[in-house]
Amino acid sequence: MNGRPDAAAVEAARNLEEMKRMREIEEEILARAPENDVGPSLERIRAVMELAGDPQRTYPSIHLTGTNGKTSTSRMIDSILRETGLSTGRFTSPHLHDIRERITLSGKPIPREKFIAAYDEVTPLIELVDARSLESGGRRMNFFEVLVALAYAAFADAPVDVAIIEVGLGGSWDATNVIDAQVAVVTPVDLDHTHLLGDDVVSIAEEKSGIIKADSVTVSGVQDEDVARVLIDRVEEVGGARIVFEGNDFGVLAREVAIGGQQVSVRGLAGEYADLFLPLHGAHQASNLATAVAAVESFLGGGEQRIEPEVLTAAVAGMTSPGRLEIVRRSPTVLVDAAHNPHGARSLVAALGEAFSFTRLVGLVGIVADKDAAGMLEVLEPALDHIVVTRSSSPRAMRPEALGALAVELFGESRVTVVRDLPDALEQAVTIAESEGMGGGVVATGSVITAGEVRMLLGHTDL
């Protein structure tokens, strides 16, 4: 024995130190205003980026907005670009389990040491900007703004060949919007965050259209006619840009349910791609795939160059979207889905009817207080035999008693059970699903946090 620690002991000590530092950093970031507490200004994030040397301008980017489907589409774009051999950075929100999920490098959550290094790099700049802002009667950067600064610095340090950036909220005033992306993606626009973005789809679309920049390509999902007009007007206003729409310039040609997903054929901007196996359920995921294909074609070849078929086939076969109609248990089947507004709930109900045939389906539902709970429950009611109402650990979660009262109005008292704590509610939902023998199922939905916590309770933390 030479008295020196072995490599495993050194590694364990280093891991412990990193985990401790990560906890400290998370506490510091969480002590700031939450991401839904938005000061509509890019002044603070711009100031930090300038002090850092504008790292977000050192790599090309694809910027995504829309009401639903942003994270799934971001992951699909990332998967295809990585399969072509590019190194990618992806920024999405919110996270299911770990804050590092929001910042990925080549498809994996950023390693702890790189997260810590990026935080240590930008923190002095953030503190300087905070001090200036407070002096002039402004506010400190919020949770989301800090993470954007951290992500943009981390992508430059990696370095990445391309960044795929999902907005947090809206578009024009979103902290991510200090990039001039070569490709803007707008997934279907519907009502959500109305207290912040506006009470109608036109107001919401105007805010989201702010990510469209000069000399770029905008790839849009299927939109309401008024929304499409807003996007076209913005493209004309910025100059040198063009826009393509699902259903007109690209789209899903054919799809059929397959074991573990669906078989999809899509028309891109530069050609058709037949018989792709997509291991995700629902027509909305096929549309997300078509949008992702058009976005990658726009980025790599201005929409005029086909993706190599074998590259696309491999990328699509490996696609995942944790927390999006994901099976996290069998016997009985438990699904989690991050639907958190009526538009998302409609996609969920359609996919459930198409891909699953439960003899009895129980909803395990926890919704955040500022969401359209009544609208969601109305959409879910025809699909569910029973609903177990609960809450996630989020401080913004709606009280189960209040949500239960809404549910009783729509479902009737005999179809509603209120269980305050999520672990107990999950157990109760499973019991009810099994009460009439085999073939029952549970779908946990209502918020990303509800989906993430059920996922974790059933032992799934992989991404």
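Since we're looking at a predicted model, the values are computed, not measured.

Time to look at the overall build of the chain. Helix and strand counts for the chain come out as 15 helices and 17 strands. The C-alpha atoms of the chain give a radius of gyration of 22 Å, which matches the 23 Å a tight globule of 463 residues would have. Taken over the C-alpha atoms alone, the chain extends approximately 65 × 60 × 55 Å along its principal axes. Across the 463 residues of the chain, 54% fall into the buried class. Contacts in the chain between residues far apart in sequence, at least 24 positions, make up 73% of those at least 6 positions apart. If you sum the accessible surface of the chain, you get close to 19,200 Å²; carbon and sulfur atoms cover 50% of it. Placing the 41 positive and 69 negative side-chain charges of the chain at their respective mean positions leaves the two points 4 Å apart.

Burial within strand E5 (residues 162–166) is extensive, with five of its five residues counted as buried. With burial as the criterion, each face of E5 is covered, one bearing Val162, Ile164 and Glu166 and the other bearing Ala163 and Ile165. For strand E1 (residues 61–65) and E5, the ladder comprises four bridges, and the chain directions are parallel. By the bridge assignment for E5, Leu64 is matched with Glu166.

Okay, empty space enclosed by the protein next. In this structure the tally under the stated criterion is one cavity of 30 Å³ or more. If you go around the largest cavity, you meet 16 residues; those closest to its centre are Arg75, Arg90, Thr92, Glu101 and Leu463. Secondary structure elements with two or more residues in the lining of the largest cavity: helix H3 (70–83) and strand E4 (108–109).

Hydrogen bonds between backbone groups are what pair the strands of a sheet, and the pairing can be parallel or antiparallel. Taken together, six strands build an open sheet; the order of strands is E12-E13-E17-E14-E15-E16 and the sheet is mixed. Of all the strands in the sheet, just strand E12 (326–329) and strand E16 (416–418) have a single pairing partner and so form its edges. Between one strand and the next, the sheet's axes are offset by a mean angle of 25°, whatever the strand orientation. Where E12 and strand E13 (residues 333–336) come together, three bridges link them in antiparallel fashion. Opposite Arg329, over in E13, you have Val334 as the bridge partner. Set on the sheet, helix H15 (residues 448–457) makes contact with E12, E13, strand E14 (360–365) and strand E17 (440–445); between it and E13 the angle comes to about 140°.

How two aromatic rings sit relative to each other is given by the distance of their centres and the angle of their planes. Applying the stated criterion across every chain yields a total of three aromatic pairs. Arranged with centres 6.1 Å apart and planes meeting at 80°, the rings of Tyr59 and Phe155 form a pair that is edge-to-face. With Tyr59 in the loop between helix H2 (43–51) and E1 and Phe155 in helix H5 (residues 143–157), this pair connects stretches of sequence that are 96 residues apart. When the centroid spacing of 5.6 Å and the interplanar angle of 55° are considered together, the rings of Phe91 and Phe144 count as tilted. One end of the pair, Phe91, is in strand E2 (residues 88–91); the other, Phe144, is in helix H5, and 53 residues separate them in sequence.

On to the packing of helix H7 (residues 201–208) against helix H8 (residues 225–238). Two elements in contact, H7 and H8, have axes separated by 9 Å at closest approach and are oriented at 30°. Classified by the angle between their axes, H7 and H8 sit roughly parallel to one another. For the pair H7 and H8, the sense of crossing is right-handed. Facing H7, whose interface residues are Val201, Val202, Ala205 and Glu206, H8 presents Asp226, Val227 and Val230.

Moving on: the sheet that holds E1. Strands sit in the order E4-E3-E2-E5-E1-E6-E7-E8 across an open sheet of eight strands; the sheet is mixed. Each of the sheet's edge strands pairs with one partner strand only, and the pair in question is E4 and strand E8 (242–245). Alignment of strand E7 (residues 217–220) against E8, held across four bridges, turns out to be parallel. In the strand pairing of E8, Ser220 is matched with Phe245.

It is worth spelling out the side chain of Arg324 at this point. Position of Arg324 among the secondary structure elements: in the loop between helix H10 (309–317) and E12. For the buried Arg324, no salt bridge exists, and the shortest N-O distance to an oppositely charged side chain is 6.5 Å, to Glu166. Side-chain polar atoms of Arg324 contact the backbone oxygen of Pro322, separated by 2.9 Å. With sequence-adjacent residues up to four places away left out, Arg324 is seen in contact with Thr71, Ser72, Gln285, Val336, Asp337 and Ala338.

Before going further, it helps to examine a negative patch on the surface. On the surface, a cluster of negative charge is contributed by Asp200, Glu206, Asp224, Glu225 and Asp226. Structurally, Glu206 is set in helix H7.

Right, let's get into the nonpolar core. Counting 42 residues, the largest nonpolar core has Phe91, Phe115, Tyr152 and Phe155 as the members making the most contacts within it. For this core, the secondary structure elements donating two or more residues are helix H1 (7–30), H2, strand E3 (103–105), helix H4 (112–135), H5 and E5. Counting residues per element, this core draws most heavily on H5, which supplies twelve residues. Residues in contact with Phe115, not counting those within four places in the same chain, are Met22, Ile25, Ile29, Ile99, Arg100, Ile103, Ile110, Leu147 and Leu150. Grouped together as the second largest cluster of nonpolar side chains are 35 residues, Ile62, Leu81, Leu276 and Phe299 included.

Rules of the game
Residues numbered from 1 in each chain as written. Predicted model: local features only at pLDDT ≥ 70, side-chain atom pairs only at ≥ 80, totals over all residues. Heavy atoms only, no water. Helix = DSSP H or I, 4+ residues; strand = E, 2+ residues; numbered from the N terminus. Rg over C-alpha atoms; globule rule 2.2 N^0.38 Å. Buried < 20%, exposed > 50% of the residue type's maximum accessible area, 1.4 Å probe, protein only. Contact = heavy atoms within 4.5 Å. Areas by Shrake-Rupley, 256 points an atom, 1.4 Å probe, with all protein chains shown as cover. Lys, Arg positive; Asp, Glu negative; His and termini not counted. Charge placed at Lys NZ, Arg CZ, Asp CG, Glu CD. Pairing = 2+ DSSP bridges. 1 Å grid on protein atoms, 1.4 Å probe; cavity = no way out; pocket = protein on both sides within 12 Å on 5 of 7 lines; lining within 4 Å. Points joined across faces, edges and corners; volume = space filled by probe spheres on them. Axes fitted to C-alpha atoms, helices over the stretch in contact; angles between N-to-C directions. Phe/Tyr/Trp six-rings, centres within 6.5 Å; stacked < 30°, edge-to-face > 60°. Parallel < 35°, antiparallel > 145°, perpendicular 65-115°, else oblique. Left-handed = near helix turned anticlockwise from the far one by under 90°. Salt bridge = Lys/Arg side-chain N within 4 Å of Asp/Glu carboxyl O. Polar contact = N/O pair within 3.5 Å; in protein donor to acceptor, adjacent residues only side chain to side chain. Patch = residues over 30% accessible without salt bridge, like charges linked within 9 Å, V, L, I, M, F, W, Y side chains within 5 Å. Core = buried A, V, L, I, M, F, W, Y, C linked by side-chain atoms within 4.5 Å.

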